[in-house]
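Reading the structure
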Amino acid sequence: MVLPLNKITNSFARQTRFLSTNVHKIAIIGSGPSAFYTSINLLKQNPKNLQIDMFEQNPVPFGLSRYGVAPDHPEVKNCQDRFEEFVQEQMSLNNEPSDNKNFKFFGKVKIGKDIHLAELYKNYHSVVYAYGSSAENQLGIPGEDHSGVINSKKFVGWYNGDPSCQNLNPPLDKVKNVTIIGNGNVAIDIVRILLADPETHWANTDITETALNTLKKSTVENVVVSARRGFLESKFTNKEFKEVLEFKDINFDGWNEELFEKLLNGKKLGRVEKRRLQLAKKYTNNNKDTAKKHWRLDYLKTPVGFKVDSNDPTLLKETIFQKRTIDEEGNISDTKDLASTENELVITSIGYKGEPLPEFKKLGVPFDSKRGMIPNIDGKIDFKDPHGTLSYCTGWIANGSRGNINTCVMSSSILADVINSDMQELKITDKPGREEIEKLLENRNVRVTTWSDWLRIQAKEVLLGQNSAKPFEKITDFDKMLNVLRD
Ligand SMILES: Cc1cc2nc3c(=O)[nH]c(=O)nc-3n(C[C@H](O)[C@H](O)[C@H](O)COP(=O)(O)OP(=O)(O)OC[C@H]3O[C@@H](n4cnc5c(N)ncnc54)[C@H](O)[C@@H]3O)c2cc1C
Ligand SMILES: NC(=O)c1ccc[n+]([C@@H]2O[C@H](COP(=O)([O-])OP(=O)(O)OC[C@H]3O[C@@H](n4cnc5c(N)ncnc54)[C@H](OP(=O)(O)O)[C@@H]3O)[C@@H](O)[C@H]2O)c1
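Here we summarise the structure given alongside this text. Source: prediction; values computed, not measured. (Residues numbered from 1 in each chain as written. Chains lettered and ligands numbered in written order. Predicted model: local features only at pLDDT ≥ 70, side-chain atom pairs only at ≥ 80, totals over all residues. Heavy atoms only, no water.)

1. Focus on the pattern of salt bridges
Per the stated rule, a full pass over the model turns up 27 salt bridges. A salt bridge links aspartate 206 to lysine 77, with the shortest nitrogen-to-oxygen separation between them at 3.5 Å. With aspartate 206 in the loop between helix H8 (198–202) and helix H9 (209–216) and lysine 77 in the loop between helix H3 (63–67) and helix H4 (79–94), this residue pair connects regions lying 129 residues apart in the sequence. The closest approach of N and O atoms between aspartate 422 and lysine 380, which form a salt bridge, is 2.9 Å. Placement of aspartate 422 in helix H15 (residues 405–425) and of lysine 380 in strand E16 (residues 380–384) is noted, with a sequence separation of 42 residues between them. Take lysine 380: its relative accessible area is 31%, and that puts it in the partly exposed class. Each of Asp72, Asp189, Arg192 and Glu243 takes part in salt bridges that share partners, so that together they form one network. (Salt bridge = Lys/Arg side-chain N within 4 Å of Asp/Glu carboxyl O. Helix = DSSP H or I, 4+ residues; strand = E, 2+ residues; numbered from the N terminus. Buried < 20%, exposed > 50% of the residue type's maximum accessible area, 1.4 Å probe, protein only.)

This is how it looks when you write it as structure tokens:
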């Protein structure tokens, strides 16, 4: 049966009205692992009446998976393949590559600058904060801003090709002794960066060419990883500890035996602690006679200041620490004694810090400044704006810059369940969503990068890496990325 045109048009109008009023429109801020896993879980559970728009301030996606995870951990970055597969699936489902219905990536759109948070609240039914941690923790001691003290966030961004960190120019060709303050997994990544052989270990990774060349000229020989608490409180995990212990050309100097027993304090050790101790004992002085490069762990010391090298005032001479002590119950307290460690360079690796978005205060979105996170229960934020929009958060901004990518997998899955259950109860009123946001971006002349743009940038990076041992060569300048799209 052939319907007359007016009937088709009426039926289509009814259908689209029905569709549009039943579509739950979600804005996700960020495109790191937590944003992607949340999108994947949401669309898996509810493929029909959801529309997700993902906003990323950089032209390219993946957050710390691209700009944080160490270049020698490609298996961790495999999550990116899953994310790409997901977007591909969405595109083929909708058969509209540049503007698919259920999911759209908006690269180079910073929320708070290009699009205001208030505009997201007005246009979407739910806002999901997945924007990670934009700041670094500070020691708050004199000399922290000296050129011989570098923060891990900048150092990591530098070797991973984050365009905002490319001016760092760390003086690795001028120093022999480096102290890393803090002993989390980022500190352990930095030990490998500083000590592993650039030719055999780094040359075939996605480390930037600039960082690789700097490492080739590096004169670093000794690294001390210094912590303010004891061995049992070490923040690194055993897997990462073992990884660095196994290098044949690096010696693990262990630590002072005298201090050792005190740190354990006769405590009954759990399985993880036993394993850590086993590893430390087994590998102490493992390559003593052959290795030119050394590292050790140092405990119970709080940094209080730095001495500058009088011959080269751009570098340090030593770091001054206040010694701490541990009592029989395992309580740690400061002593009056000072100690110093000889080092020309210090890298502070004391964790990242989440910050509120600029409009939080004005809109009333809660934020815990002390912990650097958005308070939430299973990702749900106790805040509903006047438009009835619900607020959620996930990943590092939801848990205070802690956890690895598996943690993101778990928390994003819980969040998707929470959102889905809220959706069952929510009476959906029509909201413009993507349509309005696209108009705003166009009126503001924002050059949005689409998913296809990202694929073109990625293809260019693969091409750039072709003549080296690397899988690809990251483009480390946002303007150059846009030039690729213009070409
Ligand atoms: C140095 C380092 C190494 C790591 N190595 C590992 C590892 O080996 N294995 C592992 O499992 N985990 C590792 N992790 C942890 C892992 O990277 C994190 O668990 C994970 O990336 C957190 O994901 P996220 O989505 O919450 O935040 P992120 O990955 O930080 O993503 C947040 C995104 O939001 C964007 N954004 C921020 N503000 C805005 C805004 N206003 N508008 C739009 N977009 C915005 C950012 O540009 C970013 O792309 C590492 C972390 C670091 C720091
Ligand atoms: N391979 C991996 O899976 C991997 C790799 C990298 C990162 N990550 C994850 O990413 C997260 C962040 O890692 P991270 O290493 O940046 O942070 P982290 O694990 O929180 O470690 C921070 C370190 O800095 C110390 N510290 C903090 N403030 C200090 C201060 N004011 N003075 C002296 N020391 C201070 C902490 O000591 P205290 O313990 O005493 O507070 C701790 O040793 C972690 O959850 C980590 O597991 C995972």
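The structure having been displayed, the exposition proceeds.
2. Considering the packing of aromatic side chains
Evaluated as defined, the whole model comprises 25 aromatic pairs. For the pair phenylalanine 241 and phenylalanine 252, a centre-to-centre distance of 5.8 Å together with 85 degrees between the ring planes defines the contact as edge-to-face. Of the two residues, phenylalanine 241 is situated in helix H10 (residues 238–245) and phenylalanine 252 in strand E9 (residues 250–252); the sequence distance between them amounts to 11 residues. Comparing phenylalanine 241 with phenylalanine 252 shows no difference in burial state: the two are buried. The structure contains a cluster of three or more aromatic residues connected by ring pairs, namely Phe36, Tyr37, Phe62, Phe83, Phe86, Phe103, Phe105, Trp451 and Trp454. Lying across the ring of phenylalanine 106, lysine 104 places its NZ or CZ 5.3 Å from the centre. Above the ring of phenylalanine 231, the side-chain terminus of arginine 276 is found at 5.8 Å from the ring centroid. (Phe/Tyr/Trp six-rings, centres within 6.5 Å; stacked < 30°, edge-to-face > 60°. Lys NZ or Arg CZ within 6 Å of the ring centre and 35° of its normal.)

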